[in-house]
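So the chains spell out like this:
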Amino acid sequence: MTASDKPRKRPEDLRSARWFAPDDVRSMGHRSRAMQMGLTADDWDGKPVIAILNTWSDMSPCHHHLRDRAEWVKRGVLQAGGTPIELPVPDFAEQFLKPTSMLYRNLGAMEVEETLRSHPCDGAVLMGGCDKSTPALVMGAVSMGLPFIFMPAGAMLRGNYAGQKLGSGTDVWKYWDERRAGTITEEQWLGVEGGIARSYGTCMTMGTASTMMSIAEAFGLTLPGASSIPAPDSAHKRMAAASGRRIVDMVWEDLTPDRIITEAATRNATTVAMATGCSTNAVIHLIAMARRAGIDWGLDEMDAIGRETPVLANIRPSGKEYLMEDFFYAGGLPALMKELGEKLHAGVVTVNGKTLGENIASAQNYNDDVIRPLSNPVYHEGSLAVLRGNLAPDGAVIKPAAMDPKFQVHSGPALVADSYADLKAIINDENYPITPDTVLILRNAGPQGGPGMPEWGMIPMPKALLKHGHRDMVRLSDARMSGTSYGACILHVAPEAYVGGPLALIETGDIIELDVPNRALNVRLTDADLADRRAAWTPPAPRYERGYGWMYTKHIEQADKGCDFDFLRTEFGAPVPEPEIN
């Protein structure tokens, strides 16, 4: 069924009419209070009420322009005959939320769902882009079930220092290693600091923000090409207004998310993610988003698609030269999707009412070094690989395209840090006894152990190796890492150490075996050895004893399941009914 096949709603069928239409005392109060804000019956009578969920705040540099963009969305809603209402939701400011914004993704998704449920909304425009904002907005809106359209915040302009392009995060790690190695001066370091973030917008590498905005578009949740538009570009304002216009028609068409986020659309989103050189965080968020829509999706499905989908986007960190601004000029995500050809399901419906195939039919690739054809990929397989073995029975993730190839098959002795403080003591000691073959392990940094699974998995190179010219080694943790990061970093080891996963049983000196081509991750110990150590293992003390943190630790799922709360799963219980209005 296409968007046009379903009968259009009548004004009396609008959800907001439950608040405004009845001739009773409660609805009189709703109308009276709306009039208190300067509205009249012309604003609510027979018109869709559109919620604009805005993640703007003074602490969110990635979303600093969304206060302005909300006005453009409102303009579009009004042009199409709707009534816009702007509602605040958490800002998900990646740089400032501690210990990690991931601790609050599900809380934000709950707020999105309940904000939409409790207000007189017929549809919604979701405004976000910084890492956790996209999955949180989508997860909450999917669970609510109203028609919605996602409006990506867009990437910032590329950085610049001393005539060199700078990429968000990627070049921070690169130059931080060089500063710790003593190869650049403080003045150069401060120059990078001042030049790497030149405008509002999200990270302009293919980090988690650009990855998740691209996934939203590949799901069919944005207007065509929306995820690639740089935040400061004038086209971004026009896209915001167009999103406002389109959501009004989506309400009349009753184009709800269950008609868009299908298994075929989920396959498309995964395929596109792999082809972009996506962030490792895509695994957790995409699984959670799909499962909210009732799609049974997991690591095995993602790895299978990754084996068949090469990296086509020559964007840092998997690529070597280009950034998201270059990607936009080359044709953006529609051009990449067209290059993927038959690897995508072209018949899925998207928010503009057309199929994916219709949306990308006229797309053009203007630079085949930025967006590679299938015949000349950046990397022969997808961005991510899923590892399993006696060290990660429920899986772990690595980014082969962004690591030194010599480590794809590797064995070496473990060096274990039980906390980040322990880790810093190792990496900051330039005389620490460590070799390039060592497998540096950080544990107790997973969903419960972190808490919140912080981005500590991009373990900085030890000074003792940097001074000898080494820039990569195998690093392993139950944490996440920034999508802008790179290196031979094994992440998301599940079950995590904090809950007694095998990672908790590893001792310094144990031999760790990594085999990326065969998707294997093992420790050279017998089952009997592991059983003996488990019998002697003592669970750590609780991280929280009250409040949100306590609730979080009681209900958070492991990384391989998307780190959602167990009680928010679609299959946990019956759908939540509409609120009573009495």
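Owing to the predicted nature of the structure, the values given are computational and were not obtained by experimental measurement. (Residues numbered from 1 in each chain as written. Predicted model: local features only at pLDDT ≥ 70, side-chain atom pairs only at ≥ 80, totals over all residues. Heavy atoms only, no water.)

(A) Molecular detail of the overall build of the chain. Across its full length, the chain holds 20 helices and 14 strands. Taking 582 residues into account, the globule formula puts the C-alpha radius of gyration at 25 Å, and the chain, at 24 Å, falls close to it. Along the first, second and third principal axes, the C-alpha set of the chain runs to 80 × 55 × 45 Å. With 582 residues in all, the chain has 59% of them scored as buried. In the chain, 77% of the contacts between residues at least 6 apart in sequence involve partners at least 24 apart. In the form shown here, the chain has an accessible surface area of approximately 22,100 Å², with 51% of it arising from carbon and sulfur atoms. Side chains of the chain give 58 positive and 72 negative charges; the mean places of these two sets differ by 3 Å. (Helix = DSSP H or I, 4+ residues; strand = E, 2+ residues; numbered from the N terminus. Rg over C-alpha atoms; globule rule 2.2 N^0.38 Å. Buried < 20%, exposed > 50% of the residue type's maximum accessible area, 1.4 Å probe, protein only. Contact = heavy atoms within 4.5 Å. Areas by Shrake-Rupley, 256 points an atom, 1.4 Å probe, with all protein chains shown as cover. Lys, Arg positive; Asp, Glu negative; His and termini not counted. Charge placed at Lys NZ, Arg CZ, Asp CG, Glu CD.)

(B) How the structure looks around the sheet that holds strand E2 (residues 83–88). Pairing is parallel across the open sheet formed by four strands, whose spatial order is E2-E1-E3-E4. Where the open sheet ends on each side, the last strands, each with one partner, are E2 and strand E4 (148–152). On average, each strand axis in the sheet is tilted by 20° relative to the strand beside it, whichever way the strands run. Judged from the five bridges that link them, strand E3 (residues 123–128) and E4 form a sheet pairing that is parallel. (Pairing = 2+ DSSP bridges. Axes fitted to C-alpha atoms, helices over the stretch in contact; angles between N-to-C directions.)

(C) The environment of Pro-88, seen in detail. Residue placement: Pro-88 occurs in strand E2. Note: C-alpha distance between Pro-88 and Ser-375 (287 residues apart in sequence) is 46 Å. Once residues lying within four places of it in the same chain are set aside, the contact partners of Pro-88 are Asn-54 and Glu-111.

(D) The arrangement of unusual backbone geometry in detail. A cis amide bond, omega 5°, links Lys-98 with the succeeding residue Pro-99. Here Pro-99 lies in the loop between E2 and helix H5 (105–118). Backbone torsion omega between Arg-316 and Pro-317 reads 10°, so that peptide bond is classified as cis. For Pro-317, the location among the structural elements is in the loop between helix H13 (299–308) and helix H14 (324–329).

(E) Representation of empty space enclosed by the protein in the model. Inspection of the entire model under this criterion finds two cavities of 30 Å³ or more. In this structure, the largest cavity spans a volume of roughly 60 Å³. For the lining of the largest cavity, the secondary-structure elements that each account for two or more residues are helix H15 (332–340) and helix H16 (356–360). For the lining of the largest cavity, the element with the most residues is H16, which contributes three residues. Class assignment for the residues of the lining of the largest cavity results in six nonpolar, five polar and one charged. Counted as a void, the second largest cavity has a volume near 40 Å³. Looking at the second largest cavity, the residues that line it are Val-283, Leu-299, Asp-394, Gly-395, Ala-396, Val-397, His-492, Ala-494, Ala-559 and Asp-560. Tallying contributions element by element places strand E8 (residues 392–398) first for the lining of the second largest cavity, with four residues. Here the lining of the second largest cavity is composed, by residue class, of six nonpolar, two polar and two charged. (1 Å grid on protein atoms, 1.4 Å probe; cavity = no way out; pocket = protein on both sides within 12 Å on 5 of 7 lines; lining within 4 Å. Points joined across faces, edges and corners; volume = space filled by probe spheres on them. Nonpolar A, V, L, I, M, F, W, Y, C, P; charged D, E, K, R; others polar.)

(F) Structural context of the environment of Arg-569. Looking at where Arg-569 falls in the secondary structure, it is placed in the segment after helix H20 (547–555). On a C-alpha basis, the gap between Arg-569 and Arg-291 in space is 6.9 Å, while along the polypeptide they are 278 residues apart.

(G) Inspection of the packing of aromatic side chains at higher detail. In the structure shown here, the tally under the stated rule is nine aromatic pairs. Ring plane angle 20° and centroid distance 5.8 Å describe the contact between Tyr-104 and Tyr-548, whose orientation is recorded as stacked. With Tyr-104 in the loop between E2 and H5 and Tyr-548 in helix H20, the pair connects residues that are 444 residues apart, well separated along the chain. For Tyr-104, a relative accessible area of 26% puts it in the partly exposed group. (Phe/Tyr/Trp six-rings, centres within 6.5 Å; stacked < 30°, edge-to-face > 60°.)

(H) Representation of the layout of surface pockets. Within this model, the largest pocket holds a volume of roughly 810 Å³. Lining the largest pocket we find 33 residues, and of these Glu-94, Gln-95, Gly-169, Val-172 and Cys-203 sit closest to its centre. Of all the elements, helix H8 (residues 186–195) adds the most residues to the lining of the largest pocket, at three residues. Classifying every residue of the lining of the largest pocket by side-chain character gives 17 nonpolar, 11 polar and five charged.

(I) Layout of the pairing of strand E9 (residues 409–417). Relative to strand E13 (residues 511–515), E9 runs antiparallel, the two being bridged by five bridges. By the bridge assignment, Ser-411 is partnered in E13 with Glu-513. Bridge count between E9 and strand E10 (residues 439–442): four bridges; the pairing is parallel. From the neighbouring strand, Ala-414 faces E10, where its bridge partner is Val-439.

(J) Examining the side chain of Arg-480 more closely. By secondary structure assignment, the location of Arg-480 is in the loop between strand E11 (475–477) and strand E12 (489–490). A polar contact of 2.6 Å, which involves the side chain of Arg-480, links it to the backbone oxygen of Met-453. (Polar contact = N/O pair within 3.5 Å; in protein donor to acceptor, adjacent residues only side chain to side chain.)

(K) Seen up close, helix H7 (residues 170–181). For H7, which comprises 12 residues, the first-to-last C-alpha distance of 17 Å matches the rise-based estimate of 16 Å (1.5 Å per residue) to within 8%. When we look at burial in H7, the residues that qualify are Thr-170, Asp-171, Tyr-175, Asp-177, Glu-178 and Arg-180. The inward-facing, buried residues of H7 abut strand E6 (164–166), H8, helix H17 (420–427) and helix H18 (463–466). Just past H7, the residue Gly-182 takes up positive phi, approximately 80°. (Expected span 1.5 Å × (residues − 1).)

(L) Quick peek at the pairing of strand E14 (residues 520–523). Where E13 lies against E14, four bridges are found, and the strand directions are antiparallel. By the bridge assignment, Ile-512 is partnered in E14 with Val-523. From the end of E13 to the start of E14, which pair antiparallel, there are four residues, and Arg-519 there has a positive phi angle of about 60°.

(M) Region of interest: the nonpolar core. Leu-53, Leu-116, Ile-215, Phe-219, Phe-327 and Leu-336 are the most contacted members of the largest nonpolar core, which has 102 residues in total. The greatest single-element share of this core, amounting to nine residues, is contributed by helix H10 (residues 234–253). The contacts of Leu-336, once residues within four sequence positions are left out, are Val-272, Ala-275, Thr-276, Leu-312, Ala-313, Phe-327 and Ile-371. Among the nonpolar cores identified, the runner-up in size contains 29 residues, and Ala-396, Ala-488, Val-493 and Leu-521 belong to it. (Core = buried A, V, L, I, M, F, W, Y, C linked by side-chain atoms within 4.5 Å.)

(N) Just the state of the cysteines, in detail. For the structure shown, the criterion picks out zero disulfides. Of the cysteine sulfurs around Cys-62, a residue in no disulfide, the closest is that of Cys-130, at 3.7 Å. (Disulfide = S-S within 2.5 Å.)

(O) Main features of the pattern of salt bridges. Within the structure shown, the criterion is met by 36 salt bridges. Across the salt bridge formed by Glu-86 and Lys-74, the nearest N and O atoms sit 3.0 Å from each other. Taken together, the residues Glu-86 in strand E2 and Lys-74 in helix H4 (residues 66–79) connect sequence positions 12 residues apart. The class for Glu-86 is partly exposed, based on a relative accessible area of 34%. (Salt bridge = Lys/Arg side-chain N within 4 Å of Asp/Glu carboxyl O.)

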